[in-house]
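# Remarks on the overall topology
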Amino acid sequence: MEIHGVLVASPGMGHAVPILELGKCLLSHHGFDRVTVFLVTDDVPRSKSLIGKTLMEEEDPNFVIRFIQLDVSGQDLTGSLLTKLSEMMRKAIPQIRSAVMGLEPQPSVFVVDLLGTEALAVAKELEIAKKHVLVTTSAWFLALTVYMASLDKGTLFKHLSSNGALLIPGCTPVKFDRVQDPSSYVRELAESQRIGLEVVTADGVFVNTCHSLEPVTIRSFLDHKNLGLVMRGVPVYPVGPLVRPAEPDLKHEVLDWLDLQPKESVVYVSFGSGGALTAEQTMELAYGLEMTGFRFVWVVRPPAEDDPSASMFDKATNQTEPIDFLPYGFLDRTKDVGLVVRTWAPQEEVLAHEATGGFVSHCGWNSVLESIVNGVPMVAWPLYSEQKMNAWLVSEELKIAARVDAGNGVVKKEEIVEMVKRVMDEEEGREMRENVKELKKKTAEEAVKNLSTPQAAYFTQY
């Protein structure tokens, strides 16, 4: 029987990359004959340019990538990133159904990421044999999502209204920032609970993590008295790290500049494909980088005042417009030690370069994993969604990052200097560098092991 898998990714590189890497893995190591990936997006040209050489149709005709173009004009995209992306995926359901129905041969395996769980109903309707969810972030976030879905709204509001922590069975509690008006989060909580309830209707859940990163949480999912009970018997498999490997022969001006720098001397600064800073914060970051005296590569984007995830929906791709939002004279003063790049840089290759010694990151899960697999310590600077959880994990549990205090508004240049020096300084950053290099080794070993773990057989049991 020919095994044809269909994978669906919600908008954003943080969802597309692990879905694509999982698809490649299924085709090359798990006995699949064909894999079709659907990427939901409101901007096909931008998505194609960001994915770049991850597209591999020419290399393997059995790995097919298709884009589902959404017209979001007139659509209510207010609220949190979760509610925006949920609405976009909901609107895409008819197109997903139509696209899957038109496939030959008909798929026998269906995988969707966490924000597309409503599409599991499509797989059931079309009688696809196995339907799965890929969690593109941490197991801890999956734990929060499914446990929240098991609670009533009154209990959730109680936690949001206090400074306490939500005690999740068998793993680290989640602390919430105190919310003055929990009712303002009704829409977001409803979407989160819906996702948590839909996850447990899948035949299996795959998480882009591994035992060396989250041993306690993974054990709780395997324990039928803890999170295993919340999952109602649905198996959870750690399959990470799913990250795009660096291309050794890639040509780019940033890599040319890094070739001229000493080993581990450069701090790389990027807030992902969706992150945005305010104008004031951008100025403070510029002054802070200048004051550190360290070499740096900084991927800059125009400021956004009201939405830290604004860049995710920003279609601007002009690489030549002036960077007039930086301090006067900054580019001239730092031209010998810094490189400022507009909008995008080849992050995997930058982190893999021997000149890179630290990473100022928003702590999107993709970025966290890319930093770990390349042995680069971080300055954890979360902006939105589950990034605060990720930042806590890398700084407090894994101890591979220094975490900024972003809770009081603008992070001042003095704190930026302190955090960068903690990571980049030879003595002060020694423990973090040792820890992350040890994790690099462990995750590499687990990635190889995952190619032959039980989920391989699980896929082919009908």
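Notes on the structure follow. Quick caveat: nothing in here was measured; it's all calculated off a predicted structure.

### Side note on the overall build of the protein
Helix and strand content of the protein: 18 helices and 15 strands. Residue burial in the protein is summarised as follows: out of 462 residues, 57% are buried. Contacts spanning at least 24 positions in sequence make up 73% of the contacts within the protein whose residues lie at least 6 apart. As presented, the protein carries roughly 19800 Å² of accessible surface, and 52% of it is formed by carbon and sulfur atoms.

### Side note on the environment of Pro-61
Tracing the chain through its elements places Pro-61 in the loop between helix H2 (44–51) and strand S3 (63–69). Expressed as a C-alpha distance, the spacing of Pro-61 and Val-35, which sit 26 residues apart in the sequence, is 9.5 Å.

### Concerning unusual backbone geometry
With glycine set apart, most residues show a phi of negative sign, and most peptide bonds adopt trans. Backbone torsion omega between Glu-104 and Pro-105 reads -5 degrees, so that peptide bond is classified as cis. In this structure, Pro-105 sits in the loop between helix H3 (81–101) and strand S4 (109–113). Of note, the bond from Gly-240 into Pro-241 is cis; its omega dihedral lies within 30 degrees of zero at 0 degrees. As for its placement among the helices and strands, Pro-241 is situated in the loop between strand S9 (236–238) and helix H10 (253–258). Positive phi, close to 55 degrees, is recorded for Arg-232, a residue that is not glycine.

### Topic: the pairing of strand S13 (residues 356–361)
Counting buried residues in S13 gives 6 out of 6 residues, a clear majority hidden from the surface. Note that strand S10 (residues 266–270) and S13 share 5 bridges and pair parallel. Bridge pairing links Val-266 to Thr-356 in S13. Bridge count between S13 and strand S14 (residues 378–380): 3 bridges; the pairing is parallel. When the sheet's bridge partners are listed, Ser-361 is paired in S14 with Ala-380. Crossover connection from S13 via helix H14 (residues 365–373) to parallel S14: handedness right-handed.

### Regarding the sheet that holds S4
Taking strand neighbours across the sheet as the criterion, the 7 strands line up as S3-S2-S1-S4-S5-S8-S9 in an open arrangement whose pairing is parallel. Two strands bound the open sheet, and with one partner strand each, they are S3 and S9. With direction set aside, neighbouring strand axes in the sheet form an average angle of 20 degrees. For S4 and strand S5 (residues 130–135), the ladder comprises 5 bridges, and the chain directions are parallel. Residue pairing across strands places Asp-113 opposite Leu-134, the latter belonging to S5.

### Let's talk about H3
A rise of 1.5 Å per residue sets the reference length of H3, with its 21 residues, at 30 Å; its end C-alpha atoms lie 30 Å apart and thus fit the reference within 8%. Its axis deflected by about 45 degrees at Ile-93, H3 carries its strongest bend there, up to four residues before the proline Pro-94. Buried within H3 are the following residues: Leu-81, Leu-82, Thr-83, Lys-84, Leu-85, Ser-86, Met-88, Met-89, Ala-92, Ile-93, Ile-96 and Val-100.

### Some words on the sheet that holds S14
Pairing is parallel across the open sheet formed by 6 strands, whose spatial order is S12-S11-S10-S13-S14-S15. Bordering the open sheet on either side are strand S12 (338–342) and strand S15 (401–403), each of which pairs with just one other strand. On average, each strand axis in the sheet is tilted by 15 degrees relative to the strand beside it, whichever way the strands run. Note that S10 and strand S11 (residues 295–300) share 4 bridges and pair parallel. Counterpart to Val-266 in the pairing with S11 is Arg-295.

### Some thoughts on a negative patch on the surface
Together, Glu-253, Asp-256, Asp-259 and Glu-354 make up a negatively charged patch on the protein surface. Relative to the elements of secondary structure, Glu-253 occurs in helix H10.

### Observations concerning helix H16 (residues 413–424)
An α-helical turn contains 3.6 residues, so any two residues separated by three or four positions project in the same direction. The terminal C-alpha atoms of H16 lie 16 Å apart, and with 12 residues this matches the ideal 16 Å at 1.5 Å per residue to within 8%. Among the residues of H16, those classed as buried are Ile-416, Val-417, Met-419, Val-420, Val-423 and Met-424. Check the buried side of H16 and you find it contacts S10, helix H11 (279–292), S13, S14, S15 and helix H17 (430–450).

### Side note on the pattern of salt bridges
What the rule picks out here adds up to 17 salt bridges. For Glu-349, the salt bridge goes to Arg-244, with nearest N and O atoms at 3.2 Å. On the criterion of sequence distance, the pair formed by Glu-349 in helix H13 (residues 347–352) and Arg-244 in the loop between S9 and H10 is long-range, its members being 105 residues apart. Note that Arg-403 is salt-bridged to Glu-396, the shortest N-O span being 2.9 Å. Using a relative accessible area of 34% as the deciding quantity, one classes Arg-403 as partly exposed.

### Concerning the side chain of Gln-281
Position of Gln-281 relative to the elements: it lies in helix H11. A relative accessible area of 6% places Gln-281 in the buried class. Dropping the residues within four chain positions of it, Gln-281 is found in contact with Trp-381, Gly-409, Val-410, Val-411 and Ile-416.

### Some remarks on the packing of aromatic side chains
This structure, assessed with the given rule, holds 6 aromatic pairs. Plain terms: the ring middles of Trp-140 and Trp-392 are 5.7 Å apart, the flat faces sit at 50 degrees to each other, and that makes the pair tilted. Of this pair, Trp-140 sits in helix H5 (residues 139–149) while Trp-392 sits in helix H15 (residues 387–397); the two residues are 252 residues apart in sequence, bridging distant segments of the chain. Here Trp-392 falls in the partly exposed class, since its relative accessible area comes to 28%.

### Brief notes about the packing of H11 against H16
Two elements in contact, H11 and H16, have axes separated by 8 Å at closest approach and are oriented at 50 degrees. Here H11 lies oblique to H16, going by the angle between them. Considering the relative orientation of H11 and H16, their crossing is right-handed. Of the residues in H16, those touching H11 at Gln-281, Glu-284, Leu-285, Tyr-287, Gly-288, Leu-289, Met-291 and Thr-292 are Lys-413, Ile-416, Val-417, Val-420 and Lys-421. Of the residues that constitute the contact of H11 with H16, the class distribution is 7 nonpolar, 3 polar and 3 charged.

Criteria and thresholds
- Residues numbered from 1 in each chain as written.
- Predicted model: local features only at pLDDT ≥ 70, side-chain atom pairs only at ≥ 80, totals over all residues.
- Heavy atoms only, no water.
- Helix = DSSP H or I, 4+ residues; strand = E, 2+ residues; numbered from the N terminus.
- Buried < 20%, exposed > 50% of the residue type's maximum accessible area, 1.4 Å probe, protein only.
- Contact = heavy atoms within 4.5 Å.
- Areas by Shrake-Rupley, 256 points an atom, 1.4 Å probe, with all protein chains shown as cover.
- Pairing = 2+ DSSP bridges.
- Right-handed = clockwise from strand over helix to strand, strands pointing away.
- Axes fitted to C-alpha atoms, helices over the stretch in contact; angles between N-to-C directions.
- Expected span 1.5 Å × (residues − 1).
- Bend = angle between axes of the 7 residues up to and from the residue.
- Patch = residues over 30% accessible without salt bridge, like charges linked within 9 Å, V, L, I, M, F, W, Y side chains within 5 Å.
- Salt bridge = Lys/Arg side-chain N within 4 Å of Asp/Glu carboxyl O.
- Lys, Arg positive; Asp, Glu negative; His and termini not counted.
- Charge placed at Lys NZ, Arg CZ, Asp CG, Glu CD.
- Phe/Tyr/Trp six-rings, centres within 6.5 Å; stacked < 30°, edge-to-face > 60°.
- Parallel < 35°, antiparallel > 145°, perpendicular 65-115°, else oblique.
- Left-handed = near helix turned anticlockwise from the far one by under 90°.
- Nonpolar A, V, L, I, M, F, W, Y, C, P; charged D, E, K, R; others polar.

Don't take any of this as a statement about function, it's just geometry.
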